[in-house]
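Single-letter residue listing:
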Amino acid sequence: MHRSLSRRDVFKLGASGLAVLHMPQLALAELRDGVFELRAMKSRVKLAGENHAASDLWLYNGETPGPEIRVKRGQRVQVRFTNQLDHPTSVHWHGIRIANSMDGVSGLTQDPVPPGGTFAYDFVVPDAGTFWYHAHTKSWEQVARGLYGPLIVDELESGFDRAHDLTLMIDDWRLGNDGALHVASLGAFRDWSHAGRLGNWLTVNGRSEPEFKLNSEENYRLRLINASNARVLQISPKTMNARILGFDGFSFAKPRQHNSEYLAIAPAQRVDLLISSQNNGDVALNDIGDFALQELSGREALSIAKFKFSKTATRQPAKPVVLTQNAIDTPDLKNAVRVPLVMTGGAMGRLGDVTYKGKKLNRGDYQRTKQVWAFNGVANLADEPLFRVERGQSVIVETENRTGWLHGMHVHGHHFLIVSRNGLQERVRNWRDTFVIDRDETVEIAFVADNPGKWLLHCHMLEHAAAGMRTWFEVV
Ligand code: C2O
Ligand code: CU
């Protein structure tokens with residue numbers, strides 16, 4: 001297992017496979033009296049196909065991924081959430097610049113919803129883009145068991161109708177030899193102290209290598225969402241002749257070419273791609289023919305979704321691509337408050353002095369508490385926030401990774417600009433809600449702290465978060 005993710009290594013699927021009857025598009029969440037209904041429930045799903053054992057999953061509305069919630073920018077979203085599990089849980093709306101009390105972080109912004117309980121989520125979505133929702137109570141287990149789904153906020157005006165706007169939610173499951181979710185290794189100390197829970201079975205929209213049918217001569221937006229606990233996906237836009245429309249729900253001013261070998265998508269990050277036949281003199285879609293979305297982080301490239309083209313019968317000219325940029329205040333770097341955030345710990349790393357729940361940990365405590373990572377010497381939520389600022393204050397968080405591992409760091413309630421890496425100013429500053437930081441790297445991010453409340457800042461490798469990589473800040 002580990003680095004090798006493959007249908008090849010773990011077990012063989014019958015060559016027959018499953019007939020593809022329709023587009024593997026996700027079901028839309030339905031509105032009832034203006035309210036979306038979400039239920040967390042146990043479900044048994046044969047992730048690896050009919051001839052393999054069923055997995056004990058926890059899903060929203062019994063679907064993997066959960067239903068696609070699709071709304072318009074500026075809209076009020078009401079979700080009646082019911083917990084039908086035997087465990088407390090809560091729902092977080094990842095990437096939404098949301099009202100604090102609706103952020104879904106149990107222990108910080110709300111009490112977890114007890115078994116049998118309900119919670120009325122009610123918020124406004126200020127930005128258009130690709131977002132998602134997931135459990136935010138023991139996320140390392142609840143997300144691994146399938147508690148997540150896409151949240152897509154449409155622009156008021158866009159060049160893509162639903163048939164040309166495809167959500168691809170990607171997950172990295174760890175399956176046992178019987179093909180069922182490997183439950184015994186949930187919470188394994190080795191994962192918590194190393195790279196997190198890496199899987200061996202990649203699905204797109206809950207399926208293994210689904211096939212999408214596209215019309216040539218038309219434009220498509222692919223919304224890629226990484227719902228993995230810990231795997232940093234590597235995809236190659238170049239091989240698909242794709243251009244990039246935006247990151248983490250924030251569109252660029254215009255589509256961008258990506259020329260490096262691969263594009264990394266850390267857990268929780270999103271990338272919107274444009275598949276287009278109007279490529280300004282570049283190769284047209286119908287010239288590249290059918291193609292696969294390949295994932296490159298394993299030992300060998302793995303095709304995780306297929307795209308087949310058919311000629312458009314009535315050839316309408318593709319609608320022009322219209323990108324709307326979200327309205328967000330740019331931080332004032334000159335007058336920003338500077339906050340150092342030093343990341344330590346993990347296997348093979350220097351841990352130094354770690355405080356957990358107000359006590360200094362001794363050597364023997366690491367196994368017992370499972371706290372092995374720290375931010376500024378504190379494992380998990382400190383009593384005092386990382387910083388407390390007045391609303392409207394610009395903040396630069398200077399993040400220094402002194403661990404031997406790569407991390408994907410997420411800020412709640414705000415999008416930020418990546419300002420510099422290792423002292424080098426970023427040539428293009430992108431808005432993100434989750435950023436990658438490699439070992440020995442220092443990354444500066446900046447944002448206007450304009451959303452009042454207590455907000456989490458954590459590694460989105462969910463085992464790392466559980467094992468210490470969580471802090472919080474307050475906007476007053
Ligand atoms: Cu995607 Cu703290 O969450
Ligand atoms: Cu991490």
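Residues numbered from 1 in each chain as written. Chains lettered and ligands numbered in written order. Predicted model: local features only at pLDDT ≥ 70, side-chain atom pairs only at ≥ 80, totals over all residues. Heavy atoms only, no water.

A. Local environment of the pattern of salt bridges. Across all of its chains, the model carries 32 salt bridges by this definition. Where Glu68 meets Arg162, a salt bridge forms, and the shortest distance between an N and an O atom there is 3.3 Å. Taken together, the residues Glu68 in the loop between β3 (55–60) and β4 (69–72) and Arg162 in the loop between β9 (148–154) and β10 (165–173) connect sequence positions 94 residues apart. Judged by its relative accessible area of 2%, Glu68 is buried. (Salt bridge = Lys/Arg side-chain N within 4 Å of Asp/Glu carboxyl O. Helix = DSSP H or I, 4+ residues; strand = E, 2+ residues; numbered from the N terminus. Buried < 20%, exposed > 50% of the residue type's maximum accessible area, 1.4 Å probe, protein only.)

B. Representation of the sheet that holds β9. As summarised here, the arrangement of the 4 strands in space is β4-β9-β8-β6, forming an open sheet in which the pairing is mixed. Bordering the open sheet on either side are β4 and β6 (91–94), each of which pairs with just one other strand. Adjacent strand axes in the sheet meet at a mean angle of 20° when their direction is disregarded. (Pairing = 2+ DSSP bridges. Axes fitted to C-alpha atoms, helices over the stretch in contact; angles between N-to-C directions.)

C. Molecular detail of the domain arrangement of the chain. Each assigned domain of the chain is listed here: domain 1 (7–152), domain 2 (183–313) and domain 3 (333–475). Taken residue by residue, the interface counts 33 residues in domain 1 and 32 residues in domain 2. When the two sides are added together, the surface that domain 1 and domain 2 hide from each other amounts to roughly 2900 Å², 60% of it contributed by carbon and sulfur. Linking domain 1 with domain 2 are 0 salt bridges, by the criterion used here. Elements that contribute at least two residues to the side of domain 1 that touches domain 2 include exactly α1 (7–10), β8 (129–135), α2 (139–142) and β9. Each residue belonging to the side of domain 1 that touches domain 2 can be placed in one class, and the counts come to 19 nonpolar, 6 polar and 8 charged. (Domains from an automatic or database assignment. Contact = heavy atoms within 4.5 Å. Buried area = accessible area lost by both parts, 1.4 Å probe. Nonpolar A, V, L, I, M, F, W, Y, C, P; charged D, E, K, R; others polar.)

D. How the structure looks around the pairing of strand β15 (residues 242–247). Of all 6 residues making up β15, 6 are buried, and the element is well covered by its neighbours. The pairing of β15 with strand β18 (residues 270–275) spans 5 bridges and is antiparallel. In the sheet register, Ala242 faces β18, and the bridge partner there is Ile275. By the bridge criterion, 3 bridges tie β15 to strand β16 (residues 250–256) in an arrangement that is antiparallel. Along β16, the bridge assignment pairs Gly246 with Ser251.

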